[in-house]
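# Chain and residue survey
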Amino acid sequence: VLAHAVAGDCDAYRGLRVLELGAGVGAASIALAGCGAFVVASDVSLAALELVAENAARAGAAVSPLQAKTAASGGGRVVPWRLDWTDDAQLAAVDAAHGPFDVVVGAALRFEAWPKGRLATVLDRLARGTVVLAHAFHDVEDYVGPAWARTGAVAGAEIGLDEFSAVSFRRRQPSSFLPTAHDAGAEL
């Protein structure tokens, strides 16, 4: 559902920095790279990240080595990155290497099982402006936190998955984690 949703709006991702949470086999990351995005495909599983790299290479995307601090020049690149969302040091490391991210995406993350407030913490730390989550849990707004507003949905029924939807969220207010013009010079 997530790969279908992002591929259906390819122009919206061209040239952006995107973080995929729970990349699995990399379908959404590969679709985003195909749209011209610079994608950090994160997962806690090294086996999953090996599949991401293999699948992205087969699809013709440029693939960086695991945990590479590759410059985000141009799009169409996938960087596999081992990331445990419960570890603040790992969140800081991916943010320092490639963030802040214009878009954070994730599918079937089972965030309803995460500790209360953790999804909001992850998004506030890593997402600059847009979040796209494909999920089967209907009260997702309770988990993303008050800084995010629901802005649309793509029904999973379009591709035969009635129980899933891809929902977009946009930041309501600036994040305290974002650099200011003073902090980052002209590079925002």
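So, how was this worked out
- Residues numbered from 1 in each chain as written.
- Predicted model: local features only at pLDDT ≥ 70, side-chain atom pairs only at ≥ 80, totals over all residues.
- Heavy atoms only, no water.
- Buried < 20%, exposed > 50% of the residue type's maximum accessible area, 1.4 Å probe, protein only.
- Helix = DSSP H or I, 4+ residues; strand = E, 2+ residues; numbered from the N terminus.
- Pairing = 2+ DSSP bridges.
- Right-handed = clockwise from strand over helix to strand, strands pointing away.
- Core = buried A, V, L, I, M, F, W, Y, C linked by side-chain atoms within 4.5 Å.
- Contact = heavy atoms within 4.5 Å.
- pLDDT = per-residue confidence, 0-100.

Below, the discussion takes up the pairing of strand E2 (residues 38–43). Burial of E2 is extensive: six of the six residues sit out of reach of the surface. Burial of E2 is two-sided: the residues Phe 38, Val 40 and Ser 42 facing one way and the residues Val 39, Ala 41 and Asp 43 facing the other way are all buried. Where strand E1 (residues 17–21) and E2 come together, four bridges link them in parallel fashion. Bridge assignment links Glu 20 to a residue of E2, and that residue is Ala 41. For the handedness criterion, the β-α-β arrangement of E1, helix H2 (residues 27–34) and E2 is classed as right-handed. Of the strand pairs in this sheet, E2 and strand E4 (residues 77–82) are connected by six bridges, and their pairing is parallel. What sits directly across from Asp 43, in E4, is Arg 82.

Side chains of a nonpolar character, in soluble globular proteins, are inclined to be buried together. Ranked by size, the top nonpolar core spans 24 residues in total, and within it Leu 21, Val 40, Val 104 and Leu 126 carry the most contacts. Those elements that provide at least two residues to this core are E1, E2, E4, helix H4 (88–98), strand E5 (101–107), helix H5 (118–126) and strand E6 (127–135). Looking at this core element by element, the count peaks at four residues for H5. Sequence-distant contacts of Leu 126, that is, excluding residues within four places in its chain, are made with Leu 19, Leu 91, Val 94, Asp 95, Pro 100, Phe 101 and Val 104. Core analysis: the next-biggest nonpolar cluster, separate from the first, contains 22 residues, Leu 2, Ala 31, Ala 37 and Ala 134 among them.

Once that is clear, we can look at the confidence of the model for the chain. Of the residues in the chain, 69% reach a pLDDT of 70 or more, and the chain-wide mean stands at 77. Long-range and interchain partners of residues 174–188, a stretch whose pLDDT sits below 50, account for 11 contacts in this model, where long-range means more than four residues apart.

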